[in-house]
Amino acid sequence: MVRVKFFASLREQFGAGDLDLPLRPGMSVSDVWAAAAGQPMPEHVLMARNLEYVQGDCAVEDGDEIAFFPPVTGGAA
Amino acid sequence: MIEIRSQAFDPWQEIPAYQAAHPELKTRAGASAAFVGTMRDFNQDERVDTLFLEHYPGMTDKHLTAIRDEAMQRWPLLGAMILHRIGEVHPGDPIVLVAVWSAHRAAAFEACRFIMEDLKSKAPFWKKETLQQGERWVESNTPGYSN
């Protein structure tokens, strides 16, 4: 299984709860997006695998936590 | 010290509290530099009433710790703290405090700047603004360097 999380505007669009997806052989982070979101990925979406930034072609393993979120906007001024 | 806090804080109480907990700074640190980022009541020509700050529990703390550790490696720092708000924030409330201590000023100025800029580009935080009519997610940060 793969756990999927969305944050900020993507969380509002695709749901706040964690989503569990069955892992398919050869699955990449982009494949997880396609299976979870069911639509093309918008530009500038950031991806993380197990709390580290990755690119869409990163391979996914059983038990991974995959997160999708918009550009980060912390701090102030 | 790395902390993500859901309650309002006063940076000018947090800094002496950190110093009191690290008494060696008092005589060894010849320089300290602090940056405080505060919520404004205007953004992109619109009045902003409140701000909601979201984070990614686990990943945000991990990246703040990594940013602090990198600063400690690149500069001879004696201490460093990062305190960042989450939750509902009001105009005038501090959002982030970065403070560093070192023997000399160059390391303090440079490391404080580095931590702040790296935080803004890497740490997973997101801001949603409540306007007088409706709300919107802040889509990108303003650049930190003026040239």
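Treat the numbers as computed from the prediction; the structure is a model and nothing was measured.

**Student:** Help me understand the sheet that holds strand β2 (residues 31–38) of chain B in this model?
**Tutor:** Think of a sheet as strands paired side by side through backbone hydrogen bonds, with each pair either parallel or antiparallel. Residues and elements named next belong to chain B. Read from one edge to the other, the open sheet built from four strands follows the order β1-β5-β7-β2, with strand pairing classed as mixed. Of all strands in the sheet, those with a lone pairing partner are β1 (2–5) and β2, marking the two edges. For this sheet, the mean angle separating the axes of adjacent strands, direction not counted, is 10 degrees. Set on the sheet, helix α1 (residues 11–21) makes contact with β1, β2, β5 (77–85) and β7 (94–102); between it and β7 the angle comes to about 35 degrees. Those strands touched by helix α3 (residues 59–74) are β1 and β5, and its axis lies near 150 degrees from that of β1.

**Student:** I keep staring at α1(B) and nothing clicks. Help me out?
**Tutor:** Three or four residues apart is the spacing at which side chains of an α-helix point the same way, because the helix has 3.6 residues per turn. Residues and elements named next belong to chain B. Inspection of α1 places Pro 11, Glu 14, Ile 15 and Tyr 18 among the buried residues, and these make up the whole buried set. Angularly, the buried residues of α1 cover 100 degrees about the axis, an arc narrow enough to put them on a single face. Exposed side chains of α1 directed beyond 90 degrees from the buried face belong to Trp 12, Gln 13 and Ala 20. Contacts made by the buried residues of α1 are with β1, α2 (25–28), β2, α3, β5 and β7.

**Student:** I keep staring at the packing of aromatic side chains and nothing clicks. Help me out?
**Tutor:** The geometry of an aromatic ring pair is captured by two quantities: the separation of the ring centres and the angle between the planes. All names here are of chain A. Overall, the coordinates contain 13 aromatic pairs over all chains when judged by the stated rule. Measuring from centroid to centroid gives 5.4 Å for Phe 14 and Trp 33, while their planes differ by 85 degrees, and the two rings are edge-to-face. Linking Phe 14 in helix α1 (residues 8–14) with Trp 33 in helix α2 (residues 29–37), this pair joins segments that are 19 residues apart in sequence. Of the residues examined, Phe 14 reaches a relative accessible area of 22% and is grouped as partly exposed.

**Student:** What should I look at first to understand unusual backbone geometry in this one?
**Tutor:** Glycine aside, a negative phi is what most residues show, and trans is what most peptide bonds show. Positive phi, close to 50 degrees, is recorded for Asn50(A), a residue that is not glycine. Inspection of the secondary structure assignment puts Asn50(A) in the loop between β3 (46–49) and β4 (52–54). Residue classification places Asn50(A) among the partly exposed positions, given a relative accessible area of 32%. Positive phi outside glycine occurs at Gln44(B), with the angle close to 50 degrees. Note that Gln44(B) resides in the loop between β3 (42–43) and β4 (46–55).

Thresholds applied
Residues numbered from 1 in each chain as written. Chains lettered and ligands numbered in written order. Predicted model: local features only at pLDDT ≥ 70, side-chain atom pairs only at ≥ 80, totals over all residues. Heavy atoms only, no water. Pairing = 2+ DSSP bridges. Helix = DSSP H or I, 4+ residues; strand = E, 2+ residues; numbered from the N terminus. Axes fitted to C-alpha atoms, helices over the stretch in contact; angles between N-to-C directions. Contact = heavy atoms within 4.5 Å. Buried < 20%, exposed > 50% of the residue type's maximum accessible area, 1.4 Å probe, protein only. Arc of directions from axis to C-beta. Phe/Tyr/Trp six-rings, centres within 6.5 Å; stacked < 30°, edge-to-face > 60°.

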